[in-house]
Amino acid sequence: PHELTARPEPAAQGDVVLVETGAAPLSASLDGAVPFYREGDRWVALVGIDAEARPGRRDLRVRWEDGEATLRFEVRAKAFPTERLRVEPRYVEPPAEVAARIAAEKARLDRLWERRSPERRWQGGFRRPVPAEPSSAFGLQRVFNGQRRSPHNGVDFPVGAGIPVAAANAGEVAVAEDLYFTGNTVIVDHGLGLYTTYAHLSEIEVRVGQPIAAGTIVGRVGATGRATGPHLHW
Ligand code: ZN
């Protein structure tokens, strides 16, 4: 009953797909609920495609008051280059005594990613958290000390220790603590399931639950956790 578009189409592994429609959806789903927000006279949703998502067709089902529609879009395989890095061995083969900690942190983050705060907190475009060009792209295949690990799930900014790190947009602090792999980590909840992560910080300067504006300093660049040296992993 209503126009429904997705772009880019086809999408690739690691893309964010922008879905638009001209009327307020009652609900939408694609491997779980997809939240829409209003942008002028359009309703918009952002659908993140994991770098390791299986290639193929996806069906996004949308229901309005006066009917429903299925938007079929394609996800294509993308060839990500490989990056080889050397880090302390304990970050490649973690000692047995940290296994429980690593599992607990992963379980908490998995639960966090499922949590979709109902309110959109971000406004306008996302700004870079530090004044630099990224040096390592999202989705790179990662080989640490000769062993393959999960792909790079962010971008790295090569900036020196102590540089202030600014929130990319408005939100609320969801995580502000030392995690095994990402070191001192701040995660900002921008609402509707959209989060930004700031990792390997030397200092954390916000606390959980704190509402923050775009540009709020959340911490300082460091090299904590699985890092080859000072940089910001975003
Ligand atoms: Zn990184």
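Everything here concerns the structure above.
Reference entry: report on the structure contained in this document.

## Quick look at the packing of aromatic side chains
Moving on, step 1. Tallied over the entire structure, the rule returns six aromatic pairs.
Moving on, step 2. Taken together, a centroid distance of 5.0 Å and an interplanar angle of 80 degrees make the contact between Tyr-37 and Trp-122 edge-to-face. Placement of the pair is Tyr-37 in strand 5 (residues 37-39) and Trp-122 in the loop between helix 1 (99-114) and strand 10 (141-144), with a sequence separation of 85 residues. As far as the burial class goes, Tyr-37 and Trp-122 line up, both buried.
Moving on, step 3. Where Trp-113 meets Tyr-195, the ring centres are 5.3 Å apart and the plane angle is 70 degrees; that geometry is what we call edge-to-face. Of this pair, Trp-113 sits in helix 1 while Tyr-195 is found in strand 16 (residues 195-201), placing the two residues 82 residues apart along the sequence.
Moving on, step 4. For Trp-113, a relative accessible area of 35% corresponds to the partly exposed category.

## Thoughts on the coordination of the zinc ion
Moving on, step 1. Protein coordination at the zinc ion: the donors are His-152 (NE2), Asp-156 (OD) and His-233 (ND1), at 1.9 to 2.2 Å from the metal.
Moving on, step 2. Mapped onto the sequence, the donors of the zinc ion take the spacing H-x3-D-x76-H. Taken together, the residues Asp-156 in strand 12 (residues 156-157) and His-233 in strand 20 (residues 232-233) connect sequence positions 77 residues apart. For the residue pair Asp-156 and His-233, the accessibility class agrees, reading buried in each case.

Scoring rules and cut-offs
- Residues numbered from 1 in each chain as written.
- Predicted model: local features only at pLDDT ≥ 70, side-chain atom pairs only at ≥ 80, totals over all residues.
- Heavy atoms only, no water.
- Phe/Tyr/Trp six-rings, centres within 6.5 Å; stacked < 30°, edge-to-face > 60°.
- Helix = DSSP H or I, 4+ residues; strand = E, 2+ residues; numbered from the N terminus.
- Buried < 20%, exposed > 50% of the residue type's maximum accessible area, 1.4 Å probe, protein only.
- Donors = N, O, S within 2.8 Å, 3.2 Å for Na, K, Ca; no water.

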